Amino acid sequence: MAVESHMRFAGGDELPEGCIANALSLTSPKDACRLSLVASTFRSAAESDAVWERFLPPDYYDIICRSIDGPDSLEVGSKKELYLHLCDHPILVDGGTKSFSLEKWSGKKCYMLAARSLQIVWGDTSRYWRWISLPESRFSEVAELLDVCWFDMSGKINTNMLSPDTRYGAYLVFTTKSRAYGFGDQPAESSVGIAGHERETQTVYLDPQGGRRQYRYQVVPRRLGIFTHHMAHILRQEVEDEPEGRHPKQRSDGWMEIELGEFFVKRGQEAEVEMSLTEVKGGNWKSGLIIEGIDIRPKEGK
């Protein structure tokens, strides 16, 4: 192949596999996988432990040692297999209060904070919240909202646990029961940012249909002519307008998520990131929400 002919010295000898592996390790997991298909010279180099060791976080072994099942629970043979396993199968760490995984195309760290690691106002009062187990959750417990008028939760993570020079998003992961109420047209407020610094507040709707205005077309007599067309245009605009604020999206694992905000991790930075979600202004009673945790992962293209 043409690519292989360029991977030779002037004397006709091929570049050593170790040299190719070193070059591949300076790219990305995505690029290494693509290049392994370009030429046979690259194939074995792209499978080597030397390449995938570079794609794993520098502290990956320390993180695995924090697994509730211990480092020996991961039955993988090569560094590439370990990498892919951590992408597709989050491991529970820190006593099961967090899960850890890798973003597949970049190798950057992802964490989810379990509901048990969040600060939930009245969370340990059985009248307002209860802790249950769900087979579809990665954690042993999730928090079910029974009935509150003061909805307030927050979480924290240190930037030294995350990948440097990366923009992260924080997402509440939750689901609702069939008889959920209280979150329809009443927005909540979220904020994400470095502790001690001013944080911008976002409007979020925990009900997928929350805040969406519904309009009916008004029947206007035909004889009004141009006026009829003008009014119809205005009404169509109102129907198509999206309300301000964020709405939940369905995840591939069956849960829903809503973005609470984003933050940037600078290289060498060590600071605490705070995330919060509140609805304390409406005064209405709320029920039926089930919280799995807060997912913290790199934002696409960042």
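Parameters and conventions
- Residues numbered from 1 in each chain as written.
- Predicted model: local features only at pLDDT ≥ 70, side-chain atom pairs only at ≥ 80, totals over all residues.
- Heavy atoms only, no water.
- Buried < 20%, exposed > 50% of the residue type's maximum accessible area, 1.4 Å probe, protein only.
- Helix = DSSP H or I, 4+ residues; strand = E, 2+ residues; numbered from the N terminus.
- Arc of directions from axis to C-beta.
- Core = buried A, V, L, I, M, F, W, Y, C linked by side-chain atoms within 4.5 Å.
- Contact = heavy atoms within 4.5 Å.
- pLDDT = per-residue confidence, 0-100.
- Salt bridge = Lys/Arg side-chain N within 4 Å of Asp/Glu carboxyl O.

(A) Region of interest: helix α7 (residues 79-88). The complete set of buried residues in α7 reads K80, L82, Y83, L86 and C87. Here the buried residues of α7 occupy an arc of 160° about the axis, which is enough to place them on one side.

(B) Expanded view of the nonpolar core. The biggest cluster of nonpolar side chains holds 54 residues, and the ones touching the most others in it are W129, F151, L172 and I291. Ranked by residue count, the leading element in this core is strand β12 (residues 256-265), at five residues. Leaving out residues up to four positions away in the same chain, W129 has contacts with I120, V121, W122, G123, A143, E144, L145, L146, V148, F151, M153 and I291. Counting residues in hydrophobic clusters, the runner-up holds ten residues, among them L92, A114, W255 and I290.

(C) Geometry of unusual backbone geometry. Notably, W122 is not glycine yet its phi reads approximately 65°, a positive angle. Among the structural elements, W122 can be located in the loop between β4 (119-120) and β5 (129-132). Given the relative accessible area of 46%, W122 is considered partly exposed. With a phi close to 55°, D165 is a non-glycine residue in the positive phi region. Structurally, the position occupied by D165 is in the loop between β7 (151-158) and β8 (166-181).

(D) Up close: the confidence of the model for the chain. For the chain, per-residue confidence averages 82 on the pLDDT scale, and 73% of positions sit at 70 or higher. Contacts for the low-pLDDT stretch residues 1-13, under 50 throughout, to residues beyond four places or in other chains number 18 contacts. Across residues 231-240 the pLDDT falls below 50, and counting only partners more than four positions away or on other chains, this stretch makes five contacts in the model.

(E) Quick peek at the pattern of salt bridges. All told, the structure shown has 22 salt bridges when counted by the stated rule. We note a salt bridge from R251 to D253, for which the minimum N-O separation is 3.0 Å. When its relative accessible area of 34% is taken as the criterion, D253 is described as partly exposed. Ionic pairing is found between R297 and E257, a salt bridge with its closest N-O pair at 2.7 Å. One end of the pair, R297, is in strand β14 (residues 287-298); the other, E257, is in strand β12, and 40 residues separate them in sequence. Where salt bridges share partners, they join R167, R246, E259, E262 and K299 into one cluster.

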